[in-house]
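Architecture and fold: a report
Residues per chain, in single letters:
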Amino acid sequence: MTSSYKSIPVLTEDTVYSSWKKEIAFWKHATNVDPKKRAHTVILAMSGKPRTVAVQLNPETLAVEGGLELLVKEMDKLFLKDNTQQLFCAIDAFEKFKR
């Protein structure tokens, strides 16, 4: 089975977490990576703080059909911002936008 490593959404310290989470939802349905290996594949594509956090999770716990969902839930605890903070970040990004 061929895997789509080039199309894995990458989470770094500079990535907007909500955008990454949406991309993961699309990737999950488009990839041919074995569902039991998806969480591990995504973790190996991460870098910086997200990867440091993710590699602390138990690999055996993630080696199941819903492992990717478990990974996302754990990442939500640290990186998902509340609505006020999300609004501020969106406004800040808009104000910094340049053509």
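Parameters and conventions
Residues numbered from 1 in each chain as written. Predicted model: local features only at pLDDT ≥ 70, side-chain atom pairs only at ≥ 80, totals over all residues. Heavy atoms only, no water. Helix = DSSP H or I, 4+ residues; strand = E, 2+ residues; numbered from the N terminus. Buried < 20%, exposed > 50% of the residue type's maximum accessible area, 1.4 Å probe, protein only. Contact = heavy atoms within 4.5 Å. Areas by Shrake-Rupley, 256 points an atom, 1.4 Å probe, with all protein chains shown as cover. Lys, Arg positive; Asp, Glu negative; His and termini not counted. Charge placed at Lys NZ, Arg CZ, Asp CG, Glu CD. Phe/Tyr/Trp six-rings, centres within 6.5 Å; stacked < 30°, edge-to-face > 60°. Core = buried A, V, L, I, M, F, W, Y, C linked by side-chain atoms within 4.5 Å.

1. Let's talk about the overall build of the protein
Each helix and strand in the protein was counted, giving six helices and zero strands. Listing each helix as α and each strand as β along the protein from the N terminus yields α-α-α-α-α-α. If you line up the protein on its principal axes, its C-alpha atoms span 45 × 25 × 20 Å. Put simply, the protein has 99 residues, and 25% of those count as buried. Long-range pairs, those at least 24 residues apart, make up 60% of the contacts in the protein between residues at least 6 apart in sequence. When the accessible surface of the protein is summed, it comes to about 7,100 Å², and 57% of that surface belongs to carbon and sulfur atoms. Each charge class in the protein can be summarised by its mean position, and for the 15 positive and 12 negative side chains these summaries are 4 Å apart.

2. Some remarks on the packing of aromatic side chains
In this structure the tally under the stated criterion is two aromatic pairs. Ring centres of Tyr17 and Trp20 lie 5.5 Å apart, and the angle between their planes is 35 degrees; on these two criteria the pair is classed as tilted. Of this pair, Tyr17 and Trp20 both sit in helix α1 (residues 17-30), three residues apart, which is roughly one turn of the helix. By relative accessible area, Trp20 is classed as buried at 1%. By the ring-pair criterion, three or more aromatic residues cluster together here, those being Tyr17, Trp20 and Phe79.

3. Points about the nonpolar core
Note on soluble globular proteins: their nonpolar side chains tend to be buried together. Ranked by size, the top nonpolar core spans 18 residues in total, and within it Tyr17, Trp20, Val42, Met46, Leu71 and Met75 carry the most contacts. Of all the secondary structure elements, the ones that give two or more residues to this core are α1, α2 (38-45) and α5 (67-79). A per-element tally of this core places α5 first, with five residues. Excluding its chain neighbours within four sequence positions, the residues that come into contact with Tyr17 are Leu11, Val72, Met75, Asp76, Phe79 and Leu80.

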